[in-house]
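Residue-level structural notes
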Amino acid sequence: GIPGTSVSACPVRFISASLAPIHFSSDAKFSAAAEAVLTAVSDAVEDAIESLPDSAADVTHSGGVVSLAVGDGRTFILNKQSAAREIWLSSPVSGPTHYVPCGDESASPSSISWINSQPSVVPDLIDKLRLELSATLGSKVDISL
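Sequence positions are assigned chain by chain, starting from 1 and proceeding in written order. pLDDT decides what is reported in this predicted model: residues at 70 or higher carry local features, side-chain atom pairs at 80 or more are listed and counted, and totals for whole chains, interfaces and linings draw on all residues regardless. Just so you know, side-chain values use all the structure's heavy atoms and leave hydrogens and water out.

This next bit is on the overall build of the chain. The secondary structure content of the chain amounts to two helices and six strands. For the purposes of this entry, the term helix denotes a DSSP run of H or I that reaches at least four residues, the term strand denotes a run of E that reaches at least two, and both are numbered from the N terminus. Seen in sequence order, the chain has helices and strands lined up from the N terminus as α-β-β-β-β-β-β-α. A 1.4 Å probe rolled over the protein chains alone gives each residue an accessible area, and that area as a share of the maximum for its type sets the label: buried under 20%, exposed over 50%, partly exposed in between. Here the chain holds 145 residues, and 42% of them are scored as buried. Residue contacts are defined here by distance: any two heavy atoms, one from each residue, within 4.5 Å place the two residues in contact. Sequence-distant contacts in the chain: of pairs separated by 6 or more residues, those separated by 24 or more amount to 48%. For every accessible area listed, the method is Shrake-Rupley and the probe measures 1.4 Å; residues are considered covered only by the protein chains on display. As displayed, the chain has an accessible area near 7,100 Å², and 52% of this comes from carbon and sulfur atoms.

Let us now look at the nonpolar core. Remark: nonpolar core denotes a set of buried residues (Ala, Val, Leu, Ile, Met, Phe, Trp, Tyr, Cys) joined through side-chain atoms within 4.5 Å. Among the nonpolar cores identified, the biggest contains 33 residues, and Leu 68, Leu 78, Trp 114 and Leu 125 are the most heavily contacted of them. The element that contributes the greatest number of residues to this core is helix α1 (residues 27-50), accounting for 11 residues. If we ignore the near neighbours within four places in the chain, the residues touching Leu 78 are Leu 38, Val 41, Gly 64, Val 65, Val 66, Ile 87, Trp 88, Leu 89, Leu 125 and Leu 129.

On to α1. One full turn of an α-helix is made of 3.6 residues, so residues set three or four places apart face in the same direction. For α1, which comprises 24 residues, the first-to-last C-alpha distance of 34 Å matches the rise-based estimate of 34 Å (1.5 Å per residue) to within 8%. Residues of α1 that are buried: Phe 30, Ala 33, Ala 34, Val 37, Leu 38, Ala 40, Val 41, Ser 42, Ala 44, Val 45, Ala 48 and Ile 49. The elements touched by buried residues of α1 are β1 (58-62), β2 (65-69), β3 (75-81), β4 (86-91), β6 (113-116) and α2 (125-137). To estimate the expected span of a helix, count its residues, drop one, and scale the result by 1.5 Å.

Let us now look at empty space enclosed by the protein. The way it works is a 1 Å grid over only the protein atoms, where trapped points that fit a 1.4 Å probe form a cavity and open points with protein on both sides within 12 Å along at least five of seven lines form a pocket, and then any residue with an atom within 4 Å of a point lines it. Grid points are joined across faces, edges and corners, and a volume is the space filled by probe spheres set on the points. Taken as a whole and assessed by the stated rule, the structure comprises one cavity of 30 Å³ or more. Each pocket or cavity is described by its volume, and for the largest cavity that value is around 60 Å³. What lines the largest cavity is simply Val 41, Val 45, Val 59, Val 66, Leu 68, Phe 76, Leu 78, Leu 129 and Leu 133. Breaking the lining of the largest cavity down by element, the ones donating at least two residues are α1, β2, β3 and α2.

So far we have only geometry, and geometry alone does not tell us how the molecule works.
As structure tokens, then:
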């Protein structure tokens, strides 16, 4: 299984048999993969906010944490959990979720899928963020890795 979780296989086996949990060989490899996601999300949200007239939303990315405060007082927080080697999302829309890295460690960090560690209607982190952030901001948020 994945250290710190009860996950023995990526929950999306039904979507793609080629996805398997990644047991990173070093903290640096995990950090690079997680930071690729955090940077992509931060950049996409900044682009979406800039296209909105009079947006009260604000995004920050620092120390392995992306925080998006929207004008109505709700906040999305996406953070790198190095000890568990997961990315955690705290969403005002759907609550807290943990994402495990799946794919091939030797591939580029942007090709790694981050999959909800629990059964979910939208198991992929990027798909979930696209849906929830677009709905919350009222503008399409296109996250590209």
